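# Remarks on the overall topology
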Amino acid sequence: MKKRKDQIFFAKAVYDGKEINAVVDCLKYGWLGTGRLTERFEKRFAKYIGMPYASLVNSGSSANLLAIRVLNLPEGSKVLTCAAGFPSTLSPIWHSHLQVVAVDVDLKSLNIDLDRVEQAVKKHKDIKAIIFAHTLGNPVDMKRIMHLASKYKLQVIEDNCDGLGSEIYGRKTGSFGNFSTCSFYASHHMTLAGAGGIVLSKNEKSAYRVKSLREWGKEQITLGYDKDHGVYFDSISNGVPYDHRYSYSEIGYNFKVPEIMAAFGLVQMDRLENFHRDRRKNFKYLMTKLNKLGDYFHFVETLPQANPSWFNFPLTLRDKVPFSRKDLVEFLEKNKIRTRLFFAGNILRQSGFKSLPVILVGGLETADKVHRDSFLLGVHSSQTKEMLDYMIDAIEEFIKTNK
Ligand SMILES: Cc1ncc(COP(=O)(O)O)c(C=O)c1O
C-alpha cells in the first residue's frame with residue numbers, strides 16, 4: 001500500500017460560491033437576526049421531512065432540549081432512552097429535571113434495543129416519553145415504536161440528528177414521532193455554515209412553544225418577523241400594557257440563529273439529494289468490499305423496509321480478534337485515514353455521567369461492547385472511489401499483518 005500525502009477527512013462540508021453568495025446577499029439585505037429566510041427554511045425543511053411545523057435553533061443539542069421541554073412533563077417524570085450513542089440525546093432529560101430510564105443498544109442495528117424498550121415500558125408503566133436516535137442514519141423500526149407508544153401512552157421524540165434523508169416504511173425518519181430533531185453541525189448531512197439544529201412538531205401549539213422557548217420564553221412569536229417593527233402594547237404584564245417582545249410566559253433560552261445560517265441552509269437543501277446519493281453509494285461500496293472480513297467485524301444491519309442515508313460507516317471488532325481497536329485505529333490514522341469512535345460509547349461510563357441517577361432496565365453489555373470495540377469511517381460526498389479503495393486496502397493490510 002503506497003502511503004498517501006493528503007489525509008482523507010472523516011467529514012467535510014460541501015459548498016461553493018452559491019452558499020457564499022446567498023450569505024453575502026443576506027448581509028447586504030441589512031437585517032441579520034432571525035427573519036424571512038429563517039421562516040422560509042423552516043417551511044421548506046418541514047415539508048421535506050413531512051412534518052407540519054419546524055423551528056430552527058442553534059444546534060441539534062438545543063433542539064433535543066427544547067423537544068423534551070415542550071413535552072410538558074411534571075418534574076421527575078420518567079423518560080426512556082438508550083445508554084449508548086451521543087450524550088445530548090440523554091443529557092436533556094436530566095437538564096429538564098426528569099428521570100432518565102436507560103436500556104442497552106442493539107449490536108445489529110446500533111439502535112436502541114427494542115426488546116428492552118418493551119421490557120421497560122411493561123415494567124415502568126409511568127414512563128411518559130421516549131427519545132432515541134436513528135443511529136448513524138439507520139432507521140429504528142418506527143412501526144414497533146409507534147405501536148408501543150400508543151399502547152403505553154408514550155410521547156415520542158425521534159433524534160434524527162444523524163438520519164437526515166433516511167426512510168422507513170416509505171416515510172422519512174423524523175416524521176413519525178410527536179417531535180423530531182435534526183442537526184446541521186459542520187460534519188452532518190448538510191450544514192448551516194457550521195452549526196444549527198431544528199425541532200419538528202406535529203401541532204401548531206407545540207411549535208409555537210418551541211419558538212417561544214428558543215427566544216427566552218417570550219410571548220406571541222406568531223406575529224411574523226417581517227411585521228415586527230416599532231413598539232407594541234399588545235400584551236399585559238402585571239396589569240400594565242406591555243410589548244409582547246418583552247413579555248415572558250415562561251423561562252426559556254436564547255437558541256436563535258443569525259439569518260445568514262438560513263441563507264446558507266436554503267442552498268444546501270438544493271444539494272440534499274446528491275448528498276444522500278453519495279452517502280448511500282459510498283456506504284454500499286465499503287460494505288461490499290469489507291464484507292469478506294466478517295470473521296473480524298460486526299457490520300451494521302438494516303431493516304428490509306429501511307433506506308438509510310448514512311452518516312458514517314461503523315465497524316465493531318468481534319470478540320477475541322487478535323488485535324485491538326486502538327491498534328487498528330492508530331494504524332488507519334497513521335496512514336492519513338481520519339476515523340472517529342462511536343461517539344460516547346456507553347454514555348453512562350463517561351466520567352461526567354457516572355453519578356447520574358439512572359433507572360436501568362436490563363444490563364448494558366452491548367453498550368460496553370461498542371464502548372470498547374466500535375469505530376466509524378466517513379462516507380461523505382468528498383470521498384472519491386480512490387479514497388475508499390485506499391481505506392479498504394489499509395484495513396486489509398492491517399488484518400493481514402495482525403491475524
Ligand atoms: C444523535 C445525535 N444527537 C444530537 C447531536 C447533537 O447535535 P449538535 O452537534 O448539532 O448539537 C448529535 C451530534 O452529532 C448526534 O449525533
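Our structure is the block above this text.
Keep in mind that what you see is a predicted model, and the values were worked out from it rather than measured.

## A look at the environment of Val-379
- With respect to the helices, strands and loops of the structure, Val-379 is situated in the loop between strand S17 (374-378) and helix H11 (385-402).
- For Val-379, a count of 26 C-beta atoms within 10 Å gives the class buried.
- Spatially, the C-alpha atom of Val-379 lies 11 Å from that of Met-391, the residues being 12 residues apart in sequence.
- The residues contacting Val-379, other than those within four sequence positions of it, are Arg-279, Asn-282, Phe-283, Leu-286, Trp-310, Asn-312 and Phe-313.

## Some details on the sheet that holds strand S9 (residues 197-201)
- Strands sit in the order S1-S9-S8-S5-S4-S2-S3-S16 across an open sheet of 8 strands; the sheet is mixed. With one partner strand each, in any of the chains shown, strand S1 (53-57) and strand S16 (358-360) form the two edges of the open sheet. Within this sheet the neighbouring strands show an average axis-to-axis angle of 20 degrees, counted without direction.
- The pairing of strand S2 (residues 78-82) with strand S3 (residues 99-103) spans 5 bridges and is parallel. By the bridge assignment for S3, Thr-81 is matched with Ala-102.
- On the sheet, helix H5 (residues 114-123) packs against S2, S3 and strand S4 (127-133) and is oriented at approximately 140 degrees with respect to S3.
- Seen against the sheet, helix H7 (residues 204-214) touches S1 and S9 and runs at an angle of roughly 10 degrees to S1.

## Focus: the site of the ligand
- Near the ligand you find 15 residues, and of these Ser-59, Gly-60, Ser-61, Cys-161 and Ser-183 are the closest.
- Secondary structure elements with two or more residues in the shell around the ligand: helix H3 (60-69) and helix H4 (87-95).
- The element best represented in the shell around the ligand is H3, accounting for 3 residues.
- Classifying every residue of the shell around the ligand gives 4 nonpolar, 9 polar and 2 charged.

## Details of the pairing of strand S8 (residues 179-183)
- Among the 5 residues that make up S8, 5 are buried, leaving the element largely enclosed by the rest of the structure.
- Where burial is concerned, the two faces of S8 agree: the one with Phe-179, Thr-181 and Ser-183 and the one with Ser-180 and Cys-182 are both buried.
- Of the strand pairs in this sheet, S8 and S9 are connected by 5 bridges, and their pairing is antiparallel. Of the residues in S9, the one forming a bridge with Ser-183 is Gly-197.

## Considering the sheet that holds S17
- Taking strand neighbours across the sheet as the criterion, the 4 strands line up as S12-S14-S17-S15 in an open arrangement whose pairing is antiparallel. On the outer flanks of this sheet lie strand S12 (297-299) and strand S15 (340-341), each paired with one strand and no other.
- Across 5 bridges, the pairing between strand S14 (residues 312-317) and S17 is antiparallel. Within the sheet, the bridge partner assigned to Pro-314 lies in S17 and is Leu-376.

What counts as what
Each chain carries its own residue numbering, running from 1 in the written order of its sequence. Predicted model: local features are reported for residues with pLDDT of at least 70 only, side-chain atom pairs are reported and counted for 80 or more only, and whole-chain, interface and lining totals are derived from all residues. Note on conventions: DSSP H or I runs of at least 4 residues are helices, E runs of at least 2 residues are strands, and numbering of each starts at the N terminus. Burial is judged by counting other C-beta atoms within 10 Å of a residue's own C-beta: 20 or more means buried, 12 or fewer means exposed, and anything between counts as partly exposed, with every C-beta placed from the backbone. Two residues qualify as being in contact provided that their C-beta atoms, derived from the backbone, are within 7 Å of each other. Criterion used throughout: strands pair if DSSP finds at least two bridges between them. Every axis corresponds to a line fitted to the C-alpha atoms, with the helix fit spanning only the stretch in contact, and the corresponding angles, defined between N-to-C directions, vary from 0 to 180 degrees. A molecule or strand has a residue near it when that residue's C-beta atom, placed from backbone coordinates, lies within 6 Å of it. Under the scheme applied here, ten amino acids are nonpolar (Ala, Val, Leu, Ile, Met, Phe, Trp, Tyr, Cys and Pro), four are charged (Asp, Glu, Lys and Arg), and all others, including Gly, are polar.

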